Amino acid sequence: MYHTGMNSQGQANSPMQVAVVEPYVYAALHSLIGKRVVIDTSRGPVNGVVADAKPDHVVIQEYDSAFLVRIREIIWIMPES
């Protein structure tokens, strides 16, 4: 998402990127690194091991494939036992 602001003289500033951070979702995903999960997204479920978690995305590893899922696309997370 980009936002163009105005400076004090009313002139447009250059575009700046704005990212929405979900700190509790990020913290939950970070605590699940190395564990199997099912993540439901707006595009369907993703199963696998949480390989890495960043403030804007999570990396899910399943066999030889890695899936990068944007945190803003996550609906729910279920750890597998």
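For the structure, check the block above.
About the cut-offs
- Here the residue numbers are simple positions, counted from 1 along each chain's written sequence.
- Since the coordinates come from a predicted model, pLDDT governs what is reported: local features require at least 70, and pairs of side-chain atoms require 80 or more to be given and counted, while whole-chain, interface and lining totals use all residues.
- Water and hydrogen atoms play no part in the side-chain values, which are based on all heavy atoms of the structure.
- Note on pairing: two strands pair once DSSP finds at least 2 bridges between them.
- By the criteria applied, helices consist of DSSP H or I runs no shorter than four residues and strands consist of E runs no shorter than two, each listed in order from the N terminus.
- What makes a nonpolar core is a set of buried Ala, Val, Leu, Ile, Met, Phe, Trp, Tyr and Cys residues whose side-chain atoms join them at distances within 4.5 Å.
- Relative accessibility under 20% of the residue-type maximum defines a buried residue, over 50% an exposed one, and the middle range a partly exposed one, all with a 1.4 Å probe and only protein chains included.
- Here, residues are in contact when the closest pair of their heavy atoms is within 4.5 Å.
- Side-chain atoms alone can form a polar contact between residues adjacent in sequence; in general such a contact is a pair of N or O atoms within 3.5 Å, and within protein one must be able to donate a hydrogen while the other accepts it.

1. With respect to the pairing of strand E4 (residues 44–53)
- Where strand E3 (residues 36–41) lies against E4, six bridges are found, and the strand directions are antiparallel. When the bridges of E4 are listed, valine 37 appears paired with glycine 48.
- The hairpin turn running from E3 into E4, its antiparallel successor, is two residues long.
- Here E4 runs beside strand E5 (residues 57–62); their pairing, made up of four bridges, is antiparallel. Of the residues in E5, the one forming a bridge with valine 50 is isoleucine 60.
- Hairpin connection of E4 to E5: three residues between the antiparallel strands.

2. Quick look at the nonpolar core
- Of all hydrophobic cores here, the largest spans 12 residues; its members are Leu29, Leu32, Val37, Ile39, Val46, Val50, Ala53, Val58, Ile60, Val69, Ile71 and Ile74.
- Of all the secondary-structure elements, those providing two or more residues to this core are E3, E4 and E5.
- Leaving out residues up to four positions away in the same chain, valine 50 has contacts with Leu29, Leu32, Ile33, Gly34, Lys35, Val37, Val58, Val59 and Ile60.

3. As for the side chain of threonine 41
- Mapped onto the secondary structure, threonine 41 falls in strand E3.
- On the basis of relative accessible area, threonine 41 is assigned to the buried category, the value being 9%.
- Reaching out from threonine 41, the side chain makes a polar contact with the backbone nitrogen of arginine 43 at a distance of 3.1 Å.
- In terms of polar contacts, threonine 41 uses its side chain to reach the backbone carbonyl oxygen of glycine 44, at 2.6 Å.
- Every residue in contact with threonine 41, bar those within four places of it in the chain, is listed here: Val46, Val69, Glu73 and Ile75.

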